Amino acid sequence: MDLNLTDKVAFVTGASVGMGREVARQLAQEGCDVAITARGQDRLEATATQLQTETGRSIVPLVGDMSQTADVERCVQAALEQFGRIDILVTCAGSSPGGLLEELTDDQWMQSLNLKFMGYVRTVRAVVPHMVKQGSGSIVLVVGNDGLKPSFWEMTAGAANAADLNFASSIADQYGPQGIRVNTVNPGPVDTDRWDGLEKAFARDMGVDQAEARRRAEASIPLGRITQPDEVASLVTFLASDVAASVHGAHILIDGAQRKPLMER
Ligand SMILES: NC(=O)c1ccc[n+]([C@@H]2O[C@H](COP(=O)([O-])OP(=O)(O)OC[C@H]3O[C@@H](n4cnc5c(N)ncnc54)[C@H](OP(=O)(O)O)[C@@H]3O)[C@@H](O)[C@H]2O)c1
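Bear in mind the structure is a predicted one, so any value in this text is a computation, not a measurement.

(A) Expanded view of the domain arrangement of the chain. According to the domain assignment, the chain consists of domain 1 (9-190 + 228-254) and domain 2 (191-226). Relative placement of domain 1 and domain 2: their C-alpha centres are 24 Å apart. The interface of domain 1 with domain 2 comprises 12 residues on the first partner and 12 residues on the second. When the residues that make up the side of domain 1 that touches domain 2 are grouped by side-chain class, the tally is 6 nonpolar, 6 polar and no charged.

(B) Summary view of the pairing of strand 3 (residues 59-63). When strand 2 (residues 33-38) meets strand 3, the two strands line up parallel, connected through 5 bridges. Looking at strand 3, one finds that I36 is bridged to P61. For the handedness criterion, the β-α-β arrangement of strand 2, helix 2 (residues 41-55) and strand 3 is classed as right-handed.

(C) Inspection of the sheet that holds strand 2 at higher detail. An order of 3-2-1-4-5-6-7 is seen for the 7 strands of this open sheet, with the pairing classed as parallel. With partners counted over all chains shown, the strands left at the sheet margins are strand 3 and strand 7 (251-254), one partner each. Across the sheet, the axes of successive neighbouring strands diverge by a mean angle of 15°, strand direction being ignored. Its contacts with the sheet place helix 4 (residues 106-134) against strand 1 (9-13), strand 4 (88-91), strand 5 (137-142) and strand 6 (180-187), and it is angled at close to 175° to strand 4. The sheet strands contacting helix 5 (residues 155-175) are strand 5, strand 6 and strand 7, and the helix crosses strand 6 at an angle near 160°.

(D) Structural detail: the nonpolar core. The biggest cluster of nonpolar side chains holds 67 residues, and the ones touching the most others in it are V90 and V236. Ranked by residue count, the leading element in this core is helix 4, at 9 residues. Here this core spans two domains, since at least three of its residues come from each of domain 1 (9-190 + 228-254) and domain 2 (191-226). With residues near it in sequence (within four places) discarded, V236 still touches V23, V90, V140, V142 and V185.

(E) Representation of the environment of V236 in the model. Of note, V236 is situated in helix 8 (residues 229-240). Classification of V236 by C-beta neighbours within 10 Å gives buried; the count is 29. Each C-alpha atom of the pair V236 and V140 lies 6.7 Å from the other, and the pair is 96 residues apart in sequence.

(F) Expanded view of unusual backbone geometry. Even without being a glycine, N4 presents a positive backbone phi close to 60°. For N4, the location among the structural elements is in the segment before strand 1. Take N4: there are 12 C-beta atoms within 10 Å of it, and that puts it in the exposed class.

(G) Layout of the environment of V76. Within the secondary structure, V76 sits in helix 3 (residues 69-83). Once residues lying within four places of it in the same chain are set aside, the contact partners of V76 are F11, A126 and V127.

(H) Representation of the site of the ligand within the structure. In the vicinity of the ligand, 30 residues are found, and the nearest of them are G14, G18, G40, G94 and G144. Contributions of two or more residues to the shell around the ligand are made by helix 1 (18-29), strand 2, helix 4 and helix 6 (193-206). Here the residues of the shell around the ligand sort into 13 nonpolar, 11 polar and 6 charged. Two domains each provide a minimum of three residues to the shell around the ligand, namely domain 1 (9-190 + 228-254) and domain 2 (191-226).

(I) View of the packing of helix 6 against helix 7 (residues 210-219). For the pair helix 6 and helix 7, interaxial distance at closest approach is 8 Å and the crossing angle is 100°. Considering their axes alone, helix 6 and helix 7 lie roughly perpendicular with respect to each other. Across the interface between the two elements, E199, K200, F202, A203 and M206 of helix 6 pack against Q210, E212, A213, R214 and A217 of helix 7.

(J) Broad picture of the pairing of strand 5. Most of strand 5 is tucked away, with 6 of its 6 residues classed as buried. In strand 5, alternate side chains face the same way, and those of G137, I139 and L141 on one face and S138, V140 and V142 on the other are all buried. As paired strands, strand 4 and strand 5 are joined by 4 bridges and run parallel to one another. Counted as the bridge partner of I88 is S138 from strand 5. Of the crossover connections in this fold, the one passing from strand 4 over helix 4 to the parallel strand 5 is right-handed. The sheet contact formed by strand 5 and strand 6 spans 6 bridges and is parallel. By the bridge assignment for strand 6, I139 is matched with V182. For the crossover that starts at strand 5, traverses helix 5 and ends in the parallel strand 6, the hand is right-handed.

What counts as what
- Residues numbered from 1 in each chain as written.
- Predicted model: local features only at pLDDT ≥ 70, side-chain atom pairs only at ≥ 80, totals over all residues.
- Domains from an automatic or database assignment.
- Contact = placed C-beta atoms within 7 Å.
- Nonpolar A, V, L, I, M, F, W, Y, C, P; charged D, E, K, R; others polar.
- Pairing = 2+ DSSP bridges.
- Helix = DSSP H or I, 4+ residues; strand = E, 2+ residues; numbered from the N terminus.
- Right-handed = clockwise from strand over helix to strand, strands pointing away.
- Axes fitted to C-alpha atoms, helices over the stretch in contact; angles between N-to-C directions.
- Core = buried A, V, L, I, M, F, W, Y, C linked by C-beta atoms within 7 Å.
- Buried ≥ 20, exposed ≤ 12 C-beta atoms within 10 Å, placed from the backbone.
- Near = placed C-beta within 6 Å.
- Parallel < 35°, antiparallel > 145°, perpendicular 65-115°, else oblique.

Below you can see the structure in the form of structure tokens.
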């Protein structure tokens, strides 16, 4: 399938590792130039060099913290100065602490909302005026199935994700008539560094070892497997492309039909 992405420009947040890195890789393989963001400079630059070598496309590393408005605006500006436009925005910079209501602090709740929800809001707000001027654009928010199901051990993620979904529906409504498509991709557990950290915390809170925590996570998914980051990236890349021209305001699950909470009562 030709996705018709040659010479498009993408901006991908949280892309030094994990799903963001796979999204940047696949977009570049399809012919996009890509600006990637993360906080850690060394890892981000190493990823940019690796993806540029692999794909022959221009990959620009932009160090910035997506929980800080000034950093988001500086990174978007730098991408525009480098490439002159942004056709595709994919947000992946997010993390939300797992834990039980009794143990979660105000700071942990605010940390989740400030990055996973407001980080996405800030990035869209900085990019969308340029897409409006262009009269086109495709936005994909990588959110998570916790926004659509209860999970008492993952409630900070669930609340931030539910807010992201509503936000995405609203901007789809507002900007669709101006040629900008907005969709969300909602994974269950995906094999990344973030998942490894969650699995360890889950094991600690359940009083089991990590192998048992993983077995229980897999058992909560009818397909019985943890998703790989490149599977999520393929869905994002399809949605970002014009091949998905009629897919708009959609919240797409990629979670093996996981409907149960990770941790059983
Ligand atoms: N993995 C899962 O099971 C899963 C499931 C559902 C949804 N999700 C969501 O999917 C998205 C990607 O998750 P992932 O598992 O791929 O994460 P990951 O492997 O932990 O990678 C996160 C990336 O985001 C960057 N990042 C973290 N905090 C940042 C900040 N404040 N500003 C800028 N960059 C930041 C990290 O680099 P630095 O640390 O250097 O900044 C890294 O490049 C997240 O929104 C996550 O909540 C994940």
